Each structure stands twice: as C-alpha cells, then as structure tokens.
Amino acid sequence: MAIFRLKLSALALLAIPVFAFQRPFPPRRNAQVSGYFVKGKWRGASGLLMAAGDYSVSLLKPLGIVLEEREENGDGGGLLVKSIVGGGAAAASGKIGVRDILLKIGDTDITAASYDTIMDSLINSPEKEQISLTFGDGLGTMNITPNLAKQLKPDEAVLADALVRSAVSEIRRNARARGSLGDLMSVEIVLGAGVRKDGTCMVRFFAIFSTDGVTSYSCNVSATGSRDTNENIVISSLSCAKDEGWGQTVDLITEKK
C-alpha cells in the first residue's frame with residue numbers, strides 16, 4: 001500500500017540563510033475556518049472571504065499519497081500531502097494536490113488525532129473497500145486589498161474566492177506547473193477581482209512558491225473563469241508570472257477566442 005510515513009523536521013531548515021531575492025516561507029494558514037453558506041453566500045466568523053476549499057474523494061488502496069504531519073509547524077491538525085505517487089488511486093483521481101490537507105477519514109475528523117493514529121487508520125482500512133477522504137486546500141481566510149474588499153459585492157466575493165481556490169488546485173495538480181514553478185505554498189494576497197455582466201470572473205493574486213522546500217518566491221497569478229450549470233468553477237485562462245526579476249510567464253490554460 002503506497003502510503004508513506006514521513007515525519008519531517010524540515011522547518012528547522014528555515015534558519016538557513018538565503019539569497020536576497022528569496023525569502024523564508026510565511027506561516028502556513030490553518031484551513032479550519034468556521035463559516036457556512038446562506039442563500040449561496042459564504043458567511044463566517046471573520047474576514048470577507050472564508051475558507052471553502054474542502055472536498056471529498058473515495059479511493060481504493062493503494063492510495064499512493066505521501067503524507068507528513070503539520071503539528072510541529074503550529075498550523076493545526078490534519079496531515080499535509082507531500083507528494084502523489086504515480087500509479088496510485090490518488091493520481092488516477094486527478095483531484096488531490098500537493099500541499100492539500102487531509103482532514104477526515106470517512107466521517108471521522110482527524111485534525112486532533114496523532115500522526116500514528118491517522119496512519120494506522122489508513123493502513124488498517126479494508127483493502128477492497130473505498131475509503132472516503134476529505135481534504136482542504138489549507139489556504140484559510142484570503143487576504144485581500146482594502147479597496148477590493150469595499151468594491152466587491154458579497155456574491156462577487158464568493159465567486160472570486162472560489163476562482164482563486166480553483167486556480168490554486170489546478171496549479172497544484174498540474175505537472176507542468178510544478179515542474180516550472182515548484183510547489184504552491186500559499187496565497188499571499190488577492191490584488192484584483194471583478195465580475196463581467198456574463199458572470200465571468202477575473203482574479204489576480206500573489207502566490208508563494210518553493211522549488212526546494214526551504215526558500216520561496218512570489219508569483220503573480222491571473223485567472224479567468226465562471227460557474228457551470230452544476231455550480232462548479234470552470235477556468236478559461238490561467239497564467240503565472242514569476243516575480244522577483246525572473247521575467248518568465250507560464251501559461252497553463254489559454255482562453256479560446
């Protein structure tokens with residue numbers, strides 16, 4: 001069964017000096033943000049755009065997921081998806097991204113459970129039965145510029161939030177993106193967002209990436225998308241422009257004309 005126990009103390013490496021154009025990781029945010037939908041609008045305890053990036057997937061063994069614990073980082077519970085193993089059920093599903101957070105096994109919330117307890121639960125689960133797993137994107141509450149917060153209507157804010165999260169998910173699952181940019185660690189701030197009359201949403205945000213697990217850099221991400229008839233986000237364009245003097249743009253999805 002391709003689930004790997006990976007207890008890492010890599011956070012100690014953050015003390016290593018880095019070059020001037022790189023900077024240590026900012027603290028990762030906790031995906032556990034209280035909130036609920038009321039008439040299609042996301043409400044929560046704090047902030048305009050609340051964490052809504054949870055999703056569930058049912059998989060058979062071998063799962064093919066490398067997991068590591070988060071508690072040492074002060075980020076809260078759950079296990080971090082370190083990598084996806086080719087040939088496993090996770091890779092075949094196409095839904096799970098690196099840096100996503102495992103939050104539930106079946107109906108059991110595992111955010112307060114120990115690493116060993118979670119791993120034992122996965123390993124001891126039946127071989128020929130699907131395991132329902134719930135993941136979160138780990139982005140927490142989105143930071144947005146004050147002017148943008150004032151401009152957006154509640155329904156526009158919800159749509160912009162969903163598009164940002166969908167863009168992050170696409171980048172994390174895209175092999176070309178990870179090969180060119182590294183791992184998307186977090187969203188630093190949402191700089192711009194708007195909704196056209198036809199319901200198409202456009203967002204621009206800074207995301208933090210890392211290619212080595214120690215240092216990070218900023219990337220300007222632009223995405224355009226809309227909801228389909230099932231209320232799912234469909235991305236029509238997605239590009240990442242490396243900041244900090246890299247001068248390179250990676251177009252992942254190009255809008256058809």
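Residues numbered from 1 in each chain as written. Predicted model: local features only at pLDDT ≥ 70, side-chain atom pairs only at ≥ 80, totals over all residues. Heavy atoms only, no water.

## So, the overall build of the protein
Counting secondary structure elements, the protein contains 5 helices and 15 strands. The burial tally for the protein puts 45% of its 257 residues in the buried class. Of the contacts made within the protein by residues no fewer than 6 positions apart, 62% connect residues no fewer than 24 positions apart. Carbon and sulfur atoms form 51% of the exposed surface of the protein, whose accessible area is close to 12,800 Å². (Helix = DSSP H or I, 4+ residues; strand = E, 2+ residues; numbered from the N terminus. Buried < 20%, exposed > 50% of the residue type's maximum accessible area, 1.4 Å probe, protein only. Contact = heavy atoms within 4.5 Å. Areas by Shrake-Rupley, 256 points an atom, 1.4 Å probe, with all protein chains shown as cover.)

## Section: the packing of aromatic side chains
To describe a pair of aromatic rings, you give the distance between the ring centres and the angle between the ring planes. As enumerated under the stated definition, the model contains 2 aromatic pairs in all. Ring centres 5.6 Å apart and planes at 20 degrees place the aromatic pair Tyr55 and Phe135 in the stacked group. In this pair, Tyr55 is assigned in strand S5 (residues 55–59) and Phe135 in strand S10 (residues 131–136), connecting sequence segments 80 residues apart. For the pair Tyr55 and Phe135, one class covers both residues: buried. (Phe/Tyr/Trp six-rings, centres within 6.5 Å; stacked < 30°, edge-to-face > 60°.)

## So, helix H2 (residues 115–123)
Those residues of H2 that sit buried are Tyr115, Ile118, Met119 and Leu122. Projected down its long axis, H2 shows its buried positions confined to an angular sector of 95 degrees, all on one face. (Arc of directions from axis to C-beta.)

## Focus on the pairing of strand S7 (residues 79–84)
In summary, the side chains of a regular strand alternate between the two faces of the sheet. Bridging between strand S6 (residues 65–69) and S7 involves 5 bridges; their strand directions are antiparallel. If you follow Leu67 over to S7, its bridge partner there is Val81. Relative to strand S8 (residues 101–105), S7 runs antiparallel, the two being bridged by 2 bridges. Counterpart to Leu80 in the pairing with S8 is Ile101. (Pairing = 2+ DSSP bridges.)

## Points about helix H4 (residues 154–173)
For H4, with 20 residues, the first-to-last C-alpha span of 29 Å sits near the 28 Å given by 1.5 Å per residue. Buried residues dominate H4, accounting for 14 of its 20 residues. (Expected span 1.5 Å × (residues − 1).)

## Examining the pattern of salt bridges
This structure, assessed with the given rule, holds 7 salt bridges. Between Arg165 and Asp161 there is a salt bridge, with its nearest N and O atoms 2.9 Å apart. Of this pair, Arg165 and Asp161 both sit in helix H4, 4 residues apart, which is roughly one turn of that helix. The residues Arg165 and Asp161 share a single accessibility class, namely buried. Arg173 is paired through a salt bridge with Glu170; the nearest N and O atoms lie 3.6 Å apart. Of this pair, Arg173 and Glu170 both sit in helix H4, separated by 3 residues, roughly a single helical turn. Residues participating in the shared-partner salt-bridge network are Asp137, Asp161 and Arg165. (Salt bridge = Lys/Arg side-chain N within 4 Å of Asp/Glu carboxyl O.)

## Some remarks on the layout of surface pockets
Empty space within the largest pocket amounts to approximately 610 Å³. Lining the largest pocket are 26 residues, and of these Ala52, Gly53, Ala162, Arg165 and Ser166 lie nearest its centre. Elements represented by at least two residues in the lining of the largest pocket include exactly S5, H4 and strand S14 (233–242). Taken together, the residues that form the lining of the largest pocket break down as 10 nonpolar, 5 polar and 11 charged. (1 Å grid on protein atoms, 1.4 Å probe; cavity = no way out; pocket = protein on both sides within 12 Å on 5 of 7 lines; lining within 4 Å. Points joined across faces, edges and corners; volume = space filled by probe spheres on them. Nonpolar A, V, L, I, M, F, W, Y, C, P; charged D, E, K, R; others polar.)

## As for the environment of Glu255
Here Glu255 is to be found in the segment after strand S15 (249–253). Classification of Glu255 as partly exposed rests on a relative accessible area of 36%. Between the C-alpha atoms of Glu255 and Ala223, which are 32 residues apart in sequence, the distance is 9.9 Å. Beyond its immediate sequence surroundings of up to four residues, Glu255 is in contact with Arg196, Thr224, Ser236 and Ser237.

## Quick notes on the state of the cysteines
Under the defined criterion, the tally for this structure stands at 0 disulfides. Counting only cysteine sulfurs, Cys240 is the nearest neighbor of Cys219, a cysteine outside any disulfide, at a range of 4.8 Å. The class for Cys240 is buried, based on a relative accessible area of 0%. (Disulfide = S-S within 2.5 Å.)

## Here's the deal with the nonpolar core
Counting 34 residues, the largest nonpolar core has Ile171 and Phe205 as its most contacted members. At the level of secondary structure, the elements contributing two or more residues to this core comprise H4, helix H5 (175–181), strand S11 (183–195), strand S12 (201–210), strand S13 (215–227), S14 and S15. Sequence-distant contacts of Phe205, that is, excluding residues within four places in its chain, are made with Val164, Ala167, Val168, Val187, Ile189, Val190, Leu191, Cys219, Asn220 and Val221. Counting residues in hydrophobic clusters, the runner-up holds 21 residues, among them Leu63, Ala89, Tyr115 and Leu122. (Core = buried A, V, L, I, M, F, W, Y, C linked by side-chain atoms within 4.5 Å.)

## Examining the side chain of Ser237
On the secondary structure map, Ser237 appears in strand S14. For Ser237, a relative accessible area of 15% translates into the label buried. Those residues in contact with Ser237 that lie beyond four places of it in its chain are Ser222, Ala223, Thr224, Ile253 and Glu255.

Structural measurements only, silent on function.
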